[in-house]
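Structural characterization, general
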Amino acid sequence: MATKKVVSARFASRCKRLTRPLNRTILLELVRANIKASDYHSFLGGLWSLIGTTVMLVSFYYVFSKHFGRGIAGYPLYLLSGIILVNFFITATSYLLKVLSFNRDIALNSTIPRENLVLATISINAWKFAIELAICTMISVIYGFYAWRSALLFIPILLSFLALVLGVGLALSLSFCFARDVEHVWAIFSRLFLFVTPVFYTVESMSPTMRLLISYLNPLTPYLKALRAIFMKGGMLEVSVLLHCVFMGTATLGASYLIFLRWEGEALDRT
Amino acid sequence: MNEPLIQASHVAKRYRVLKRQRSTLRALKALWGPEKLTMEVWALRDLSFTIKRGEKVAVIGRNGSGKTTLLRLISGIIDPSRGSIEVAAEPLALFKFWIGQNADLPVIDNIYLFGAVCGMKRRQTEPLVAKILDSADIKKLGFAPLHDLSLGQRQRLALSIVFQAPADFLVFDETFVHVDQAFIRECNAFFVRLAESTRTMVITSHDHDFLKKYCQRALWLDKGQIRLDGPAAEVIAAYEAEK
């Protein structure tokens, strides 16, 4: 009961603080500063950051195209959409994992809302992801798959995907404050997403049991299905997939944020 | 002027501090064993006070008496473990001058960034940039990365931005230590203006002459409790007499 009271009081005060116009100014300046201080603010820096993705795409294409790529029109685009989605999830959550411990000094010695620090941290990865999505869109247009009216679908899909990433990242950042081993465990575990997500194979090529596991236990699968529906099927997205995405993102972020509000103080004490 | 800005009622703050360096094995042992991994430290106990709008209040006390914790509670950075604290306005709080600065960015970008933290939008900060650089005595270093500046220059930069901020409620925690003699003139001019204004200030400092000059009231904290609350000169004299 007391916990519920604490969380609801914090939630109310945070909502009040986060919706102030001044908070938007702080968030914008933090995002601007983060991007400017990163490699991505210059053309060459941005180019370097895309090399990793390109190398991965080329390697995956040569290794898997003969076996898994048969029957998939535009297999490079199929691969690229999977690689960028999983890479964003892995890198953004790994960054978020340390957000509380790295920013402890700021969190305890300034009135900058902690949510702003979290959003500013993810902004660099989100910026890179946005560039990669634009590249995917261009390739989709070249292939002739893209339907411009499907661009609207990006909004619910990307917002709910960001919510999922933030939710997982918040949970990780809290647990990292209590147990440092989380970093090593997540470094190994997160890499598995490249293989348990249908990045280079199709869900249909799996056994019925695996199909169910990959579709419903892997949180990334519905987002990948949705992105591919935009890039490769002219936006022919099943409503159930869209609802799955929205539910997954909202539920993950909602649950994680409530846990975050309850434990942030203790987590910062332990950092 | 007489309406309360801060109302604290039976406020207490507890921290959980690790007994020993943490390891996963010790954490697992603590989960199942009788020995806890942490111990409770009460930084503040049963504090009740009111600060009115326009008051300039000094918080004094020995190291570890709970001054910074009290300022963090007032600023809304942390929540009390018991009791309640109501603050009618959000303060501009300055605990460490390097908070809100990005060392990899040029000085000018940091002015905008720290300006935002101090409550100023870009269009409000823009006309003040030259004045801030001049006040911090780094006119020629506007485009230099912040990490090329000395700590003293970074402190002057942060304070020069704070001096321009439109905040009505200010919280300072030992912010003016190590300020060089040349910059003290700027600081004094700011505090003279502040003392004459209707703005509210809560400040901690070990410079008692400074506090007596600019604060009307002082709270003496001792082991997390209020030992004395009253006119600054009297409270500081009592504190100095005990030392």
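These numbers were taken from a predicted model, which means no experiment stands behind them. (Residues numbered from 1 in each chain as written. Chains lettered and ligands numbered in written order. Predicted model: local features only at pLDDT ≥ 70, side-chain atom pairs only at ≥ 80, totals over all residues. Heavy atoms only, no water.)

Here we take up the nonpolar core. Ranked by size, the top nonpolar core spans 155 residues in total, and within it Phe-161 of chain A together with Phe-172 and Phe-191 of chain B carry the most contacts. The leading source of residues in this core is helix H4 (residues 75-97) of chain A, at 15 residues. Beyond its immediate chain neighbours, meaning those up to four positions away, Phe-172 of chain B contacts Leu-71, Leu-94, Val-162, Phe-190, Phe-191, Met-201, Val-202, Ile-203 and Thr-204 of chain B. (Core = buried A, V, L, I, M, F, W, Y, C linked by side-chain atoms within 4.5 Å. Buried < 20%, exposed > 50% of the residue type's maximum accessible area, 1.4 Å probe, protein only. Helix = DSSP H or I, 4+ residues; strand = E, 2+ residues; numbered from the N terminus. Contact = heavy atoms within 4.5 Å.)

The next thing to look at is the interface of chain B and chain A. In this complex, chain B contributes 31 residues to the contact, which on the side of chain A involves 29 residues. Carbon and sulfur atoms make up 50% of the area that chain B and chain A hide from each other, which totals about 2,700 Å². Sorting the residues of chain B by area buried against chain A places Arg-22, Ile-77 and Glu-90 of chain B first, and these three jointly supply 21% of that buried surface. The partner of Lys-96 of chain B in a salt bridge is Asp-105 of chain A, and the shortest N-O contact between them spans 2.9 Å. Here chain B is connected to chain A by 10 residue pairs in polar contact (both at pLDDT 80 or more). Taken together, the elements giving at least two residues each to the side of chain B that touches chain A come down to strand S1 (4-18), helix H2 (67-75) and helix H3 (107-117) of chain B. Considering each element in turn, the side of chain B that touches chain A owes the most residues, five residues, to H3 of chain B. (Buried area = accessible area lost by both parts, 1.4 Å probe. Salt bridge = Lys/Arg side-chain N within 4 Å of Asp/Glu carboxyl O. Polar contact = N/O pair within 3.5 Å; in protein donor to acceptor, adjacent residues only side chain to side chain.)

Here chain A averages 91 in pLDDT, while 99% of its residues score no lower than 70. Within chain A, the element-level pLDDT minimum falls on helix H1 (residues 2-18) of chain A, averaging 81, and the maximum on H4 of chain A, averaging 96. (pLDDT = per-residue confidence, 0-100.)

This next bit is on the packing of aromatic side chains. Evaluation of the coordinates by the stated rule reveals 39 aromatic pairs over all chains. With a centroid separation of 5.3 Å and 75 degrees between ring planes, the pair formed by Trp-220 of chain B and Tyr-239 of chain B is classed as edge-to-face. With Trp-220 of chain B in strand S8 (residues 217-222) and Tyr-239 of chain B in helix H9 (residues 232-242), this pair connects stretches of sequence that are 19 residues apart. In this pair, the class of Trp-220 of chain B matches that of Tyr-239 of chain B, namely buried. The positively charged end of Arg-262 of chain A is found above the aromatic ring belonging to Trp-263 of chain A, 4.3 Å away from the centroid. The aromatic ring of Tyr-112 of chain B is capped on one face by Arg-122 of chain B, whose charged end is 4.2 Å from the ring centroid. (Phe/Tyr/Trp six-rings, centres within 6.5 Å; stacked < 30°, edge-to-face > 60°. Lys NZ or Arg CZ within 6 Å of the ring centre and 35° of its normal.)

With that settled, consider the sheet that holds strand S4 (residues 82-87) of chain B. All names here are of chain B. Pairing within the open sheet is antiparallel, and its three strands lie in the order S2-S1-S4. In the strand order of this sheet, the two ends are held by strand S2 (38-52) and S4, each with one partner. The sheet shows a mean angle of 25 degrees between the axes of neighbouring strands, direction not considered. Where S1 lies against S2, 11 bridges are found, and the strand directions are antiparallel. Bridge assignment links Lys-13 to a residue of S2, and that residue is Leu-44. (Pairing = 2+ DSSP bridges. Axes fitted to C-alpha atoms, helices over the stretch in contact; angles between N-to-C directions.)

Now for the layout of surface pockets. When its volume is computed, the second largest pocket comes out at roughly 810 Å³. Contributing to the lining of the second largest pocket are 35 residues, with Asn-34, Tyr-95, Ala-120, Thr-121 and Ile-124 of chain A lying nearest its centre. Secondary structure elements with two or more residues in the lining of the second largest pocket: helix H2 (21-37), H4, helix H5 (99-102) and helix H7 (114-143) of chain A together with H3 of chain B. Here the lining of the second largest pocket is composed, by residue class, of 18 nonpolar, 11 polar and six charged. (1 Å grid on protein atoms, 1.4 Å probe; cavity = no way out; pocket = protein on both sides within 12 Å on 5 of 7 lines; lining within 4 Å. Points joined across faces, edges and corners; volume = space filled by probe spheres on them. Nonpolar A, V, L, I, M, F, W, Y, C, P; charged D, E, K, R; others polar.)

A separate point is the pattern of salt bridges. Per the stated rule, a full pass over the model turns up 22 salt bridges over all chains. Ionic pairing is found between Asp-109 of chain B and Lys-36 of chain A, a salt bridge with its closest N-O pair at 2.9 Å. Placement of the pair is Asp-109 of chain B in helix H3 and Lys-36 of chain A in helix H2, with the two residues belonging to separate chains. Residue classification places Lys-36 of chain A among the partly exposed positions, given a relative accessible area of 36%. Across the pair Arg-227 of chain B and Glu-242 of chain B runs a salt bridge whose closest N-O atoms are separated by 2.3 Å. Of the two residues, Arg-227 of chain B is situated in strand S9 (residues 225-231) and Glu-242 of chain B in helix H9; the sequence distance between them amounts to 15 residues. Taking relative accessible area as the criterion, Arg-227 of chain B reaches 38% and is therefore assigned partly exposed. Residues joined by salt bridges that share partners form a network here, namely Arg-14, Arg-114, Glu-115 and Glu-264 of chain A.

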